[in-house]
Amino acid sequence: SGVIFDCDGVLVDSEGLASRVEAELTRELGLNLTTAEAHDLFLGKTVDGVLELIGERSGRKLSAAFVYNWAFATAQAFRRELRPVPEVRAVVEEVRARGHVLAVASQSPLARVRFSLEVTGLADLFGEHVYVNANYTYVDSTITLSPEQRTVQTSLERPLAGQSKNLFNLIGEY
């Protein structure tokens, strides 16, 4: 069996750093976001999603130079300040000791995830099992089956049918 960890905010404490960099860089475009506002606005977004929001809010088409500066400023902040989430190494090592295969999945670009793991000293725990362009959804809903559906959807062999609460969509880039 395996355990898949998210990177940002689960393994590495990157979210505040990234938000600070985003707030600083967007000031050049006339957006006056605090770190907290940038965090709330961009959290969970892909690079394309963040760029789209910045473009919409600033009314500008973002240049390749802006994207380059954003990536470089983020990498500099990570090299100086990025740390693993407290106690996460011990937790991951315990999971591995119990015989589970370990992997990392993230919506962040592959270079950023690998860099984050290297800077924080966690890369050795996962090796090549780093995957990006993934999304995870936890569904909190109730499914009600009609009597007709119950005969098709469930049986003694399949007593629990319906939607899983945990949905994971992974597009590998490794």
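Predicted model, so just to flag it, every value in this text is computed and none were measured.

Novice: An account of the packing of aromatic side chains is requested, with residue identities and associated values reported.
Specialist: One pass over the full model with this rule turns up 2 aromatic pairs. Residues Phe5 and Phe126 carry aromatic rings whose centres are separated by 6.0 Å and whose planes lie at 70° to one another, so their mutual orientation is edge-to-face. Residue Phe5 is located in strand 1 (residues 2-6), and its partner Phe126 is located in helix 7 (residues 123-126); the two are separated by 121 residues in the primary sequence. A centroid spacing of 6.0 Å and a plane angle of 20° characterise the contact between Tyr68 and Phe72, whose relative ring orientation is stacked. Within this pair, Tyr68 and its partner Phe72 are both found in helix 4 (residues 64-81), separated by 4 residues, close to a single helical turn. Relative accessible area serves as the criterion here: at 44%, Phe72 is assigned to the partly exposed category.

Novice: Explain helix 4 to me, and be specific about the residues and the numbers.
Specialist: Here helix 4 contains 18 residues, and its C-alpha end-to-end distance of 26 Å stays within 8% of the 26 Å for a straight helix at 1.5 Å per residue. Within helix 4, the full set of buried residues consists of Phe66, Trp70, Thr74, Ala77 and Phe78. Looking straight down helix 4, one finds its buried side chains confined to an arc of 100°; they lie on one side. In helix 4, the exposed positions angled more than 90 degrees off the buried face are occupied by Ala64, Tyr68, Arg79 and Arg80. For helix 4, the elements touching its buried residues are helix 1 (15-27), helix 3 (47-58) and helix 6 (110-119).

Novice: I'd like a description of the pattern of salt bridges, backed by residues and values.
Specialist: The full count for this structure, using the stated rule, is 8 salt bridges. Ionic pairing is found between Glu24 and Arg20, a salt bridge with its closest N-O pair at 3.7 Å. One end of the pair, Glu24, and the other, Arg20, are both in helix 1, 4 residues apart, so they sit about a helical turn from each other. Owing to a relative accessible area of 42%, Glu24 belongs among the partly exposed residues under this scheme. The residue Asp124 makes a salt bridge to Arg89 at a minimum N-O spacing of 2.8 Å. Residue Asp124 is found in helix 7, and its partner Arg89 is found in helix 5 (residues 88-97); the two are separated by 35 residues along the sequence. Salt bridges here are not isolated pairs; linked through shared partners, they connect Arg20, Glu24, Arg80 and Glu81.

Novice: A description of the environment of Ser116 should follow, citing residues and the corresponding values.
Specialist: Tracing the backbone shows Ser116 in helix 6. Residues Ser116 and Val12 lie 104 residues apart in sequence; the distance between their C-alpha atoms is 7.1 Å. Ignoring sequence-local partners within four residues, the contact set of Ser116 consists of Cys7, Val12, Phe78 and Leu82. Of the polar contacts made by the side chain of Ser116, one reaches the backbone oxygen of Arg112; its length is 2.8 Å.

Definitions and cut-offs
- Residues numbered from 1 in each chain as written.
- Predicted model: local features only at pLDDT ≥ 70, side-chain atom pairs only at ≥ 80, totals over all residues.
- Heavy atoms only, no water.
- Phe/Tyr/Trp six-rings, centres within 6.5 Å; stacked < 30°, edge-to-face > 60°.
- Helix = DSSP H or I, 4+ residues; strand = E, 2+ residues; numbered from the N terminus.
- Buried < 20%, exposed > 50% of the residue type's maximum accessible area, 1.4 Å probe, protein only.
- Expected span 1.5 Å × (residues − 1).
- Arc of directions from axis to C-beta.
- Contact = heavy atoms within 4.5 Å.
- Salt bridge = Lys/Arg side-chain N within 4 Å of Asp/Glu carboxyl O.
- Polar contact = N/O pair within 3.5 Å; in protein donor to acceptor, adjacent residues only side chain to side chain.

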